[in-house]
Number of protein chains: 4
Amino acid sequence: MPKSVTKVIGILTAGGDCPGLNAAIRGIGKAALGKYGMQVVGISSGYEGLISNQTRLLTDHDFSGILTTGGTILGSSREKPFAKGESEDVSTGEKPAIIHDNYRKLGLDCLVTLGGNGTQTTAFRLSQLGMNVLGLPKTIDNDLEETDVSFGFHSAVDIATEAIDRLHTTAASHNRIMVVEVMGHKAGWLALFSGVAGGGDVILIPEIPYKPSVIARHLMNRARLGKRFSIVVVAEGALSTKDAEEKERNKKKGRKDKNKSKPHAPSSGYRLAAEIEEHTGLETRVTVLGYLQRGGIPSPYDRLMATRFGTEAVRLLAQGKYNRMVVFKNGEVTNVPIEKVAGRTKHVPPDYELIECARLVGTCFGDE
Amino acid sequence: MPKSVTKVIGILTAGGDCPGLNAAIRGIGKAALGKYGMQVVGISSGYEGLISNQTRLLTDHDFSGILTTGGTILGSSREKPFAKGESEDVSTGEKPAIIHDNYRKLGLDCLVTLGGNGTQTTAFRLSQLGMNVLGLPKTIDNDLEETDVSFGFHSAVDIATEAIDRLHTTAASHNRIMVVEVMGHKAGWLALFSGVAGGGDVILIPEIPYKPSVIARHLMNRARLGKRFSIVVVAEGALSTKDAEEKERNKKKGRKDKNKSKPHAPSSGYRLAAEIEEHTGLETRVTVLGYLQRGGIPSPYDRLMATRFGTEAVRLLAQGKYNRMVVFKNGEVTNVPIEKVAGRTKHVPPDYELIECARLVGTCFGDE
Amino acid sequence: MPKSVTKVIGILTAGGDCPGLNAAIRGIGKAALGKYGMQVVGISSGYEGLISNQTRLLTDHDFSGILTTGGTILGSSREKPFAKGESEDVSTGEKPAIIHDNYRKLGLDCLVTLGGNGTQTTAFRLSQLGMNVLGLPKTIDNDLEETDVSFGFHSAVDIATEAIDRLHTTAASHNRIMVVEVMGHKAGWLALFSGVAGGGDVILIPEIPYKPSVIARHLMNRARLGKRFSIVVVAEGALSTKDAEEKERNKKKGRKDKNKSKPHAPSSGYRLAAEIEEHTGLETRVTVLGYLQRGGIPSPYDRLMATRFGTEAVRLLAQGKYNRMVVFKNGEVTNVPIEKVAGRTKHVPPDYELIECARLVGTCFGDE
Amino acid sequence: MPKSVTKVIGILTAGGDCPGLNAAIRGIGKAALGKYGMQVVGISSGYEGLISNQTRLLTDHDFSGILTTGGTILGSSREKPFAKGESEDVSTGEKPAIIHDNYRKLGLDCLVTLGGNGTQTTAFRLSQLGMNVLGLPKTIDNDLEETDVSFGFHSAVDIATEAIDRLHTTAASHNRIMVVEVMGHKAGWLALFSGVAGGGDVILIPEIPYKPSVIARHLMNRARLGKRFSIVVVAEGALSTKDAEEKERNKKKGRKDKNKSKPHAPSSGYRLAAEIEEHTGLETRVTVLGYLQRGGIPSPYDRLMATRFGTEAVRLLAQGKYNRMVVFKNGEVTNVPIEKVAGRTKHVPPDYELIECARLVGTCFGDE
């Protein structure tokens, strides 16, 4: 290693893939190699590669031409090195020790982790073991705390909105109810944003339990006004008030979520469609967007956000500021202690202006 | 009706909606009103509107701005006025008589029917009752006989290919098998075209029954060569040799298709994914494109084809040539007797050059 | 007018057209008619229609299906009712008086103006004459003060970035310098955002005068590293230091801008290409995006922003808060006094984080 | 070279870049390496690389992931090894001799040339010198004889049509004439196809000289019917009857084309806009699409066509059929003697059905 190398950083991408990962890797890599003369170690397949020590030194060539590509050149995995359970003593466990060992062997000054909730929680725990970490918020769900937006989110909004646009024409031609199920188990950001952008007549999110009867009334009202078709956008995790209450009861009783235990439990979209047909008699069709929301070329917005997050991380590295997550807050790229993010989920606040906005243009949330 | 009106034509759009319907309506309308001074009657909701007499005179204003819009301004339905059964006497039945009556009351010189197999078969039967008809081939399945291409098909190919592109990045990031189910119950055109355009590693179509073991071997071979992910494109109607044989046996015995009788039979995609996981142990995920393939803005190719078909229909009308379907054959817009199309399905020939082409670039069709 | 009508509002769209105008009109209209029972008067062709009194009452039907359409259903014009000159007494002039008169005749409680700098400056002056106004920031240039973003901007970023993506492949295949000229006479937001999102090797904006020799050195350096092609993104208003100084001198002398006086002055793109070829000898090609940046379907981001701005305007109306511009600031939809916006231009600050970010990934701004 | 290698083929891409080149290279490469065990030599930068002997052996890895990418992995150039002049003796000249020499040194059994008119004419001449060649028709202009379509054409149609769609909204908002200049110096295919797909009100192509007065009358007629905006699509090489006659006269006199001699002659779009404004007084704006039409991801249609052409070439190679060009004719992939293509241009026939179709939907070609 030449003397001029000031620092050695490792990068990994963990969790579900997401548009903008490569743009962020490029941002980190170009800034680290270019201005600061750092060394950049690419770690394969998320935390898995840090356990099995699958790494390679990245060069300028690796960062060329990847700004616009989907996926991640490093590969990803859902490996979670810490055993589950809140009472866990973070210093124990075999995998964290192996990671710490590899971190030292690689001579890393810092580990940059590109990922969502789980990834950043793991990163925080690694920092508690004495490693330096920096997190970049990546998630199409936009449910990371302390940042207004994560990269990947707006690409997913674009994809989901385009899908809703397509379904509009079919709905109108056949006078049908079209239900679109979008991602979001815990948080409804994607359903809310794509629902408003796509002109959804009904939007259902996990934060607002819905009553099928309220939805039915809304749809029938539209039909009465001559609008014989409707678009219903539903997040994966949206629940009727009845199901939400049952879930709550089960949680208290310590039971596992009933639906989770069934491997082929009907999706929220199919469940909802059955409820709508039952209540209204209107012909209803379901589309589940699924993996389409994760893949493909990142939108310009996400390329920008990922590049900005990447270079901000390198600025922090150069200053020796560690154990923080880069965020976009109040219109600015900045950073927060990573512990403020770990283990938390950013929900859509019930009084969020965009919900009020959606209600004002006539959207039903199933709660009135 | 002023004297200058040479002819009165009715237009209807029937069956599933499809990109290009409005472009075709515009092509017919502009040509009929403009050069030939015909009158154009729009019939609502396919044959349903011809039974219930829901019609209105269309003006130049109706044809403005619709070249680029999805769906159909006339609405559609799946109404089939003739009772099923080949032995049917076409002159009987209440609905055909009502249609004939309305045809006369509207003073139609010809009925232009935009639709697929079912629609054109009905049109043919109406022609046998003495009505003049002209068919325009519309179907995203491309399974109409006598025409190389129907409008709607290439828009669907574009949508399915874009979806495959997206799934590629996720497949690569996670080393997964991604199964994409595209439309096509009887014919594999859409799966074949989008599969080759999207670089599918496996393409399964109804015309070629597959062996799960052959697919598994192909996927494992790829994995051995370091290609740890694969894209599998499967038509709705693709069957394994075993299922195909059972279907054939049941058909002979006069039994209903086993799967058809089950309302929630697993789709071909989910069935296949289970087979792949069983044979290979590789992580496999499924995406069902469904209604996304029908909707949205027609591609330039389909706008062109629809416009060309529409104006050709009017040229035929002007010449008093009826009971034909407009087609694109050997690189030219032309027309054939509609009886040659009725009741038939255009399958992918097993020796089709594109299948050979796909095999040459390494695609597996599951048939050794 | 029934008693239940609480307020009557007029809407106009002025200045260059821009994606999201119809979404904003829909947002205002649906909120105003739906919850608040207001009446909405549509004014044709910007301020021109307010002078010639071309207006019509808008109904729910007018707001249906326009969320996704480009352009403006009201039409636009560049009419500026106030004569130029800062010393102008706003109370004089024929056109403002006519506008005031029509405002009263229409019984307007408020005039909602969708537009950019010029539009909002006019709106402010009208407010000084005693009319109530509310401004919505619309501009693809993003140069309105007091708001982080205007609707239309991100759609333009998407279009320009897609164009840069396309040119990348041609540049690489032919080892060429591709110059892309994007909009922005005074402010470089669009060039900066699309330039970073598109991976521009050189980005030139009005706020940072450039030296051709610095650009030439950067391009030759890339060529030496084997990167024989480059992408140069240049705002319409970008100037070399020499031209910037001459402009400044002329301004002081009270002379008109030299280039402005020539009807066919070469665009910034063509000027720059000549400079690059002269300094480097590298083959250079120019693309001027022009009107492509204004048109077409608004992006989901802009549909959201426009809808949010529209409903916020109606909330302000309901509260009787006038003479404000709706803005997006610090991640929130809010509003500011319209006088804070009038007559000002939001420039890219030289120390803006995104400029620093771009430099870190290797972008040259021509200023050493 | 192992015994199993049956043949060695060289590939080059020449002329302007074009979507689908990489898909074709992949089609050739995968088929040649896979089933037939041929060796594939990639030649850099078109004929230039065959003169300077810049080549490399391509492996399966080179063909991976390029189906969807724009440009060409081999690079291109406009090098024409034969000196101009029809009277040329093809056996003389230094460059052809060098090429022949390199062809032998590389041990090529055949040279596969991906390109347009010029490229295939050169290939034909090389075949006359004793080399084996196979041509693949690549051109966004679609002006190669003997094939209904070349790959690249439909991607360009898609791009141009999308641009026209965008300009439509601006035209409508501002009541303007929008002139769009698309590629096509000698043939009007691209203008015609994108013009009809985009709903162009006027389409001007080199094959039909236009009268400005006829266009003006058409535009004024539209304005009188309340259609105050219009879209005019013009090919680069479209000429007014006056200019066409002058060109013809100059040609006869042996003079160079007047416009060609001027380096900055106004484009057909700007010339036309001036004519329109002069004749109508209507506000007219110009957009020149230029290089945007060449770049970017190939459309599914072109990926298919390029892959089919590539595998067909390898089938011919395997059979020892040389000196042919692969074509798509009468709905089938087939091939013709390359001499039938060399030196010819496929023009739009004046009685082409699509021209008649366009006239029927109201398009003016400026010739009546």
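Parameters and conventions
- Residues numbered from 1 in each chain as written.
- Chains lettered and ligands numbered in written order.
- Predicted model: local features only at pLDDT ≥ 70, side-chain atom pairs only at ≥ 80, totals over all residues.
- Helix = DSSP H or I, 4+ residues; strand = E, 2+ residues; numbered from the N terminus.
- Rg over C-alpha atoms; globule rule 2.2 N^0.38 Å.
- Buried ≥ 20, exposed ≤ 12 C-beta atoms within 10 Å, placed from the backbone.
- Contact = placed C-beta atoms within 7 Å.
- Least-squares fit on C-alpha atoms with pLDDT ≥ 70 in both.
- Nonpolar A, V, L, I, M, F, W, Y, C, P; charged D, E, K, R; others polar.
- Domains from an automatic or database assignment.
- Pairing = 2+ DSSP bridges.
- Axes fitted to C-alpha atoms, helices over the stretch in contact; angles between N-to-C directions.
- Left-handed = near helix turned anticlockwise from the far one by under 90°.
- Expected span 1.5 Å × (residues − 1).
- Core = buried A, V, L, I, M, F, W, Y, C linked by C-beta atoms within 7 Å.
- pLDDT = per-residue confidence, 0-100.

Moving on, we come to the overall build of chain A. Along the backbone of chain A there are twelve helices and eleven strands. Computed over C-alpha atoms, the radius of gyration of chain A comes to 22 Å, within 12% of the 21 Å expected from 2.2 N^0.38 for 368 residues, which places it in the range of a compact globule. Per-residue burial over chain A gives 58% buried out of 368 residues. Excluding contacts between residues fewer than 6 apart, the proportion of contacts in chain A whose partners are at least 24 apart in sequence is 76%.

Okay, the relation of the copies chain C and chain A next. For these two chains of identical sequence, chain C goes onto chain A by a turn of 180° and a shift of 0.0 Å along the axis, with RMSD 0.0 Å. What the superposition gives is, in effect, a two-fold axis relating one chain to the other. Distance from the rotation axis, computed per C-alpha, reaches its smallest value in chain C at Asn330(C): 1.8 Å. Of all interface residues in chain C, 100% are interface residues in chain A too; the two copies therefore contact each other through one and the same surface.

How big an interface is tends to be expressed through the accessible area that disappears when the partners come together. With 36 residues of chain C at the contact, the number on the chain A side is 36 residues. Among the elements of the structure, α1 (21–34), α5 (153–174), α6 (189–197), α11 (300–319) and α12 (353–360) of chain C are those that each provide at least two residues to the side of chain C that touches chain A. In terms of residues, the side of chain C that touches chain A owes the most to one element, α11(C), which gives eight residues. Class assignment of the residues belonging to the side of chain C that touches chain A gives a composition of 15 nonpolar, twelve polar and nine charged.

Another aspect to go through is the domain arrangement of chain A. Residue and element names in this part refer to chain A. Looking at the assigned domains, one finds that chain A contains domain 1 (8–151 + 298–340) and domain 2 (157–295). Each of domain 1 and domain 2 has a C-alpha centre, and these two points are 33 Å apart. Across the boundary between the two partners, domain 1 contributes nine residues, which contact ten residues of domain 2.

Our focus in this paragraph is the sheet that holds strand β9 (residues 284–288) of chain B. Residues and elements named next belong to chain B. Judged by pairing direction, the sheet is parallel, and its four strands sit side by side in the order β7-β8-β6-β9 without closing on themselves. The outermost strands of the open sheet, each flanked by one partner alone, are β7 (202–204) and β9. Geometrically, the sheet is characterised by an average inter-axis angle of 15° between neighbouring strands, direction not taken into account. Across six bridges, the pairing between strand β6 (residues 177–182) and strand β8 (residues 230–235) is parallel. Note that in β8 the partner of Ile-177 across the bridge is Ser-230. Strands in contact with helix α5 (residues 153–174) are β6, β8 and β9; relative to β6, the strand with the most contacts, it is inclined by about 165°.

Attention now goes to the packing of helix α1 (residues 21–34) of chain B against helix α11 (residues 300–319) of chain B. Residues and elements named next belong to chain B. In the contact formed by α1 and α11, the axes pass within 7 Å of each other and the chain directions differ by 35°. The element α1 and its partner α11 pack so that their crossing is right-handed. Facing α1, whose interface residues are Ala-23, Ala-24, Arg-26, Gly-27, Ile-28, Ala-31 and Ala-32, α11 presents Arg-303, Ala-306, Thr-307, Phe-309, Gly-310, Thr-311, Ala-313 and Val-314.

Note on the identical chains: chain C maps onto chain D by a rotation of 180° and an axial translation of 0.0 Å, with an RMSD of 0.0 Å. Both copies contact each other with a shared surface, as 100% of the interface residues of chain C are interface residues in chain D too.

What follows is about α1(C). Residue and element names in this part refer to chain C. Helix length check: α1, at 14 residues, gives a terminal C-alpha distance of 20 Å against a target of 20 Å (1.5 Å per residue), a fit within 8%. Within α1, twelve of the 14 residues are buried, leaving the element largely enclosed by the surrounding structure. If you check which residues of α1 are buried, you get Leu-21, Asn-22, Ala-23, Ala-24, Ile-25, Arg-26, Gly-27, Ile-28, Gly-29, Lys-30, Ala-31 and Ala-32.

Now for the interface of chain C and chain D. Taken residue by residue, the interface counts 26 residues in chain C and 26 residues in chain D. Counting residues per element, the ones that place at least two in the side of chain C that touches chain D are α5 and β9 (284–288) of chain C. For the side of chain C that touches chain D, the per-class residue count stands at seven nonpolar, 14 polar and five charged.

Before going further, it helps to spend a moment on the arrangement of the chains. Over all C-alpha pairs, chain B and chain C never come within contact, reaching a minimum spacing of 11 Å. Taking C-alpha atoms as the reference, chain A and chain D come no closer than 11 Å and do not contact one another.

All names here are of chain D. Reading across the sheet, the four strands line up as β7-β8-β6-β9 and stay open at both edges, with parallel pairing between neighbours. The open sheet has two free edges, formed respectively by β7 (202–204) and β9 (284–288), since each of these has just one partner strand. The average angle at which neighbouring strand axes cross in this sheet is 15°, direction not considered. Helix α5 (residues 153–174) contacts β6 (177–182), β8 (230–235) and β9 of the sheet and is inclined by roughly 165° relative to β6.

Let us now look at unusual backbone geometry. Positive phi, close to 60°, is recorded for Asn323(B), a residue that is not glycine. Tracing the backbone shows Asn323(B) in the loop between α11 and β10 (324–329). Phi at Glu146(C) takes a positive value of approximately 75°, unusual for a residue other than glycine.

To continue, consider helix α6 (residues 189–197) of chain A. Residues spaced three or four apart along an α-helix face the same direction, because each turn holds 3.6 residues. Most of α6(A) sits inside the fold, with nine of its nine residues counted as buried. All buried positions along α6(A) are accounted for by Trp189(A), Leu190(A), Ala191(A), Leu192(A), Phe193(A), Ser194(A), Gly195(A), Val196(A) and Ala197(A). Along its buried surface, α6(A) packs onto α5 (153–174), β6 (177–182), β7 (202–204), β8 (230–235) and α12 (353–360) of chain A together with α11 of chain C. Phi for Gly199(A), located one or two positions after α6(A), is positive at around 70°.

Residues Leu190(A), Leu190(B), Leu190(C) and Leu190(D) are the most contacted members of the largest nonpolar core, which totals 440 residues. Excluding its chain neighbours within four sequence positions, the residues that come into contact with Leu190(D) are Ile140(D), Asp141(D), Asn142(D), Ala156(D), Val157(D), Ala160(D), Val182(D), Met183(D), Gly184(D) and Ala235(D).

All names here are of chain B. Counting buried positions along β9 gives four out of five residues, so the element sits mostly inside the fold. Across five bridges, the pairing between β6 and β9 is parallel. Bridging from a neighbouring strand, Ile-177 pairs with Thr-284 of β9.

Time to look at the pairing of β6(B). The buried fraction of β6(B) is high, at six of six residues. Covered by surrounding structure in β6(B) are Ile177(B), Val179(B) and Glu181(B) together with Met178(B), Val180(B) and Val182(B), the residues of both alternating faces.

We now examine the environment of Ala216(C). Summarising the element assignment, Ala216(C) is placed in helix α7 (residues 212–224). As a C-alpha pair, Ala216(C) and Asp143(C) span 73 residues in sequence and 29 Å in three-dimensional space.

For chain A, per-residue confidence averages 92 on the pLDDT scale, and residues scoring 70 or more make up 93% of the total. Of the two predicted TM-score estimates for the complex, the pTM is 0.95 and the ipTM is 0.94.

Its location among the elements puts Gly295(B) in the loop between β9 and α11. Those residues in contact with Gly295(B) that lie beyond four places of it in its chain are Arg166(A), Leu167(A), His168(A), Thr169(A), Thr170(A) and Gly70(B).

What follows covers the environment of Pro300(D). Take Pro300(D): it is sitting in helix α11 (residues 300–319). Look at Pro300(D) and you get buried, because 28 C-beta atoms sit within 10 Å. Pro300(D) sits 117 residues away from Met183(D) along the chain, and the two C-alpha atoms are 21 Å apart. For Pro300(D), the contacting residues outside a window of four places in its chain are Val157(B), Asp158(B), Thr161(B), Ser194(B) and Ala197(B).

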